[in-house]
Amino acid sequence: MGSELSFWAFSQTIIIPRLAEGIVVTLKLTLISGICGLILGMILALMRISKFKVLSWFSLLYITLFRGTPLLLQILFIYFALPTIFEAYNINMVLDSFSAGILALSLNSAAYLAEIYRAGILSIPKGQTEAARALGLSRHQTMYKIIIPQTYRRIIPPVVNELSALTKETSLVSVISLSELLYVTQRIGSKYLRVWEVYIWAALGYLIIVIALSIFASRLEKHLEQKGGA
Amino acid sequence: MQSNEVILKISHLSKFFGQNEVLKDISTEITKGEVVVIIGPSGSGKSTFLRCINYLELPTSGEINFKGQILSHSTKEYVLDVYRANIGMVFQNFNLFPHLTVLENITLAPTLVCKVTHEEALLRATELLKNVGLSEKTHAYPRDLSGGQQQRVAIARALAMKPDVMLFDEATSALDPELVGEVLKVMRDLAHTGMTMVIVTHEMDFAREVSDRVIFMDKGLIIEQGTPLEIFSAPKEKRTIDFLKKL
């Protein structure tokens, strides 16, 4: 079935309708875990540079852990091992594959984004902090009004880099049977025994998302540049 | 312009960087309206002294009495924040906020720290920009200004907080020679308004002209101080004589 169809006919009738469903899941995974990662990453970065040692150490431990182990392992751990730990402590919590995927991707990207933010914050010259403090701004006001706004333009390129990596890494979630782009196409491939067509379509799907992301980013960067940013 | 009211009474200030004692038991008083110029060779501790006055650098020991309020290295941070708002500082590298316009640079701290209304801050900023001759640059960004213009904005930014004392940390050292004059003029005008100023500078002619008192520092100590005439025309200490000879 389907094996006698031409590439275009097969693509049109079988792959493309299912592809859309996979792309939507991949987009959801990317967007939700990207946003969670951006927020959690900022919190981790601020903890990391905090003068409270405990916060700084916790953040360092977190970042080391999530950057030092494979994402695939993290996904498997969260999906398969976490529920058994919950069970052992009588915590009633079920993680479906979508939530597990979101959780793993968010926690993982947060670790990378935290380091990007931190580097951005540390790249702002010390004179900026001194000028702000000399005017009577508190440590917090200095951070939120002076330092962080200046990091925006500087960190866009590495953040976009990380988000495109995240987009591609969502494919790892296929191991927990989440019907994202790669999983969906693979299923079609094995059902109809047509391999190269499905992979080409999957590749195209990721490419489109990543290219759209970088176009958006360069627009944003130009916009900030026109606004004067540092 | 001087009165007898002491604004800053600095007592036994010392500062260590690791094992290195950069300031050694510095004591002095600064009265209202006084213009004090600190001179000395590089590494003499004059900039560190200035930065200890507003606690940008935390002194290792000693205290400062600011209009009756005692401050030391153990003073709480929020108290120091309030104190710093009363002490303006101008830096060698201007340190304007590059993501904000000239106007925003000046209005930020008054609205954020002093809770002045936006209209009032705007009014004050416009007035200050006029005083430093930069009214037409109100909406420019710092990167579009020359060094001299940036430093004049930085002075306006500090003045917007209506400080009791203004500190100048080598305010003209990073400027091209032809731009030094415009900044010195603003500082001179400011001195004539009766502002209390502590100035670290290498501009000896300027020091001689505007200061009420000159402090000569070397190796973390105040070696000699007096009127500009006393220091420049009849220095007593050998180190002062040697320093002035090399200029």
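Above this text you will find the structure in question.
First things first, this report covers the structure right here in the doc. (Residues numbered from 1 in each chain as written. Chains lettered and ligands numbered in written order. Predicted model: local features only at pLDDT ≥ 70, side-chain atom pairs only at ≥ 80, totals over all residues. Heavy atoms only, no water.)

A few words now on the overall build of chain B. A count of helical and extended segments in chain B gives nine helices and 10 strands. Its C-alpha radius of gyration of 18 Å places chain B within 12% of the 18 Å reference for a compact globule of 247 residues. Counting only C-alpha atoms and orienting by the principal axes, one finds that chain B spans roughly 50 × 45 × 35 Å. Expressed as a percentage of the 247 residues in chain B, the buried residues total 57%. Partitioning the intrachain contacts of chain B with sequence separation of at least 6 by distance along the chain shows that 66% fall at a separation of at least 24. Accessible area of chain B: about 10,800 Å², with a carbon and sulfur share of 51%. Both charge centroids of chain B, one from 27 positive and one from 31 negative side chains, sit 2 Å from each other. (Helix = DSSP H or I, 4+ residues; strand = E, 2+ residues; numbered from the N terminus. Rg over C-alpha atoms; globule rule 2.2 N^0.38 Å. Buried < 20%, exposed > 50% of the residue type's maximum accessible area, 1.4 Å probe, protein only. Contact = heavy atoms within 4.5 Å. Areas by Shrake-Rupley, 256 points an atom, 1.4 Å probe, with all protein chains shown as cover. Lys, Arg positive; Asp, Glu negative; His and termini not counted. Charge placed at Lys NZ, Arg CZ, Asp CG, Glu CD.)

We now examine the overall build of chain A. What chain A contains, in helices and strands, is eight helices and zero strands. Its helices and strands taken in sequence order, chain A reads α-α-α-α-α-α-α-α from the N to the C terminus. Expressed along its principal axes, the backbone C-alpha trace of chain A runs to roughly 75 × 55 × 25 Å. Looking at chain A as a whole, 45% of its 230 residues qualify as buried. Counting contacts in chain A only where the partners sit at least 6 residues apart, residues at least 24 apart contribute 78% of the total. Accessible area of chain A: about 12,100 Å², with a carbon and sulfur share of 69%. If the 20 positive side-chain charges of chain A are averaged to one point and the 12 negative ones to another, these points end up 12 Å apart.

On to the interface of chain B and chain A, then. Residue-level contacts link 24 residues of chain B with 24 residues of chain A. With both chains or domains summed, chain B and chain A bury close to 2,000 Å², and 58% of this area falls on carbon and sulfur atoms. The largest per-residue losses of area from chain B upon contact with chain A belong to F97(B), H99(B) and L112(B), which jointly make up 26% of the total buried on that side. The tally of links from chain B across to chain A stands at five salt bridges. With its nearest N and O atoms 3.8 Å apart, the salt bridge here joins K51(A) to E77(B). There are six residue pairs in polar contact (both at pLDDT 80 or more) connecting chain B and chain A. (Buried area = accessible area lost by both parts, 1.4 Å probe. Salt bridge = Lys/Arg side-chain N within 4 Å of Asp/Glu carboxyl O. Polar contact = N/O pair within 3.5 Å; in protein donor to acceptor, adjacent residues only side chain to side chain.)

Our next topic: unusual backbone geometry. All names here are of chain B. At K67, a residue that is not glycine, the phi angle is positive and equals roughly 45 degrees. Counting through the fold element by element, K67 comes out in the loop between β4 (61-66) and β5 (69-72). The partly exposed category is assigned to K67, whose relative accessible area is 46%. Phi is positive for K115, which is not a glycine, with a value near 55 degrees. Tracing the backbone shows K115 in the loop between α3 (102-113) and α4 (118-131).

All names here are of chain B. On the basis of which strands lie adjacent, the open sheet formed by four strands has the order β2-β1-β4-β5 and antiparallel pairing. Here the strands that pair on one side only, and so sit at the sheet edges, are β2 (20-31) and β5. On average, adjacent strands in this sheet sit at an angle of 15 degrees to one another, irrespective of strand direction. The pairing of β4 with β5 spans four bridges and is antiparallel. (Pairing = 2+ DSSP bridges. Axes fitted to C-alpha atoms, helices over the stretch in contact; angles between N-to-C directions.)

All names here are of chain B. In space, the six strands of this open sheet follow the order β6-β7-β8-β3-β9-β10, with mixed pairing throughout. Because the sheet does not close on itself, it has two edges, and the strands there are β6 (87-90) and β10 (221-226). On average, each strand axis in the sheet is tilted by 20 degrees relative to the strand beside it, whichever way the strands run.

The next point concerns the environment of L31(A). Note that L31(A) resides in helix α1 (residues 7-48). Distance from L31(A) to F80(A), taken between C-alpha atoms, is 24 Å for residues 49 residues apart in sequence.

Moving on: the nonpolar core. Within soluble globular proteins, side chains that are nonpolar tend to cluster in buried spots. I39(B), I106(B), I155(B), M166(B), F168(B), M187(B) and M197(B) are the most contacted members of the largest nonpolar core, which totals 49 residues. Here this core takes eight residues from helix α6 (residues 177-192) of chain B, the largest share from any one element. With sequence-adjacent residues up to four places away left out, I155(B) is seen in contact with V90(B), M166(B), F168(B), V183(B), V186(B) and M187(B). A134(A), L13(B), V36(B) and I64(B) belong to the second largest nonpolar core, which has 47 residues in total. (Core = buried A, V, L, I, M, F, W, Y, C linked by side-chain atoms within 4.5 Å.)

For the rest of this paragraph, the subject is the packing of helix α6 (residues 139-169) of chain A against helix α8 (residues 195-226) of chain A. All names here are of chain A. The geometry of α6 relative to α8 is characterised by a closest axis approach of 10 Å and an angle of 170 degrees between their N-to-C directions. By the angle class used here, α6 and α8 are roughly antiparallel. On the side of α6, the interface is formed by Y152, R153, I156, P157, V160, L163, S164, T167 and K168, while α8 contributes Y206, I209, V210, L213, S214, A217, L220, E221, L224 and E225. Per-class residue counts for the contact of α6 with α8 are 12 nonpolar, three polar and four charged. (Parallel < 35°, antiparallel > 145°, perpendicular 65-115°, else oblique. Nonpolar A, V, L, I, M, F, W, Y, C, P; charged D, E, K, R; others polar.)

Pairs can form between side chains of opposite charge once their charged atoms are near each other. Residues and elements named next belong to chain A. Evaluation of the coordinates by the stated rule reveals 20 salt bridges over all chains. Residue E130 pairs with K126 through a salt bridge whose shortest N-O separation is 3.4 Å. Placement of the pair is E130 and K126 together in helix α5 (residues 126-134), with a separation of four residues, close to one helical turn. Look at E130 and you get buried, because its relative accessible area is 13%.

Attention now goes to the pairing of β10(B). Residues and elements named next belong to chain B. When strand β9 (residues 213-218) meets β10, the two strands line up antiparallel, connected through five bridges. Residue I215 lies in a different strand from β10, and its bridge partner there is Q225. Between β9 and β10, which pair antiparallel and follow one another directly, the connecting turn spans two residues, one of which, K219, has a positive phi of 50 degrees.

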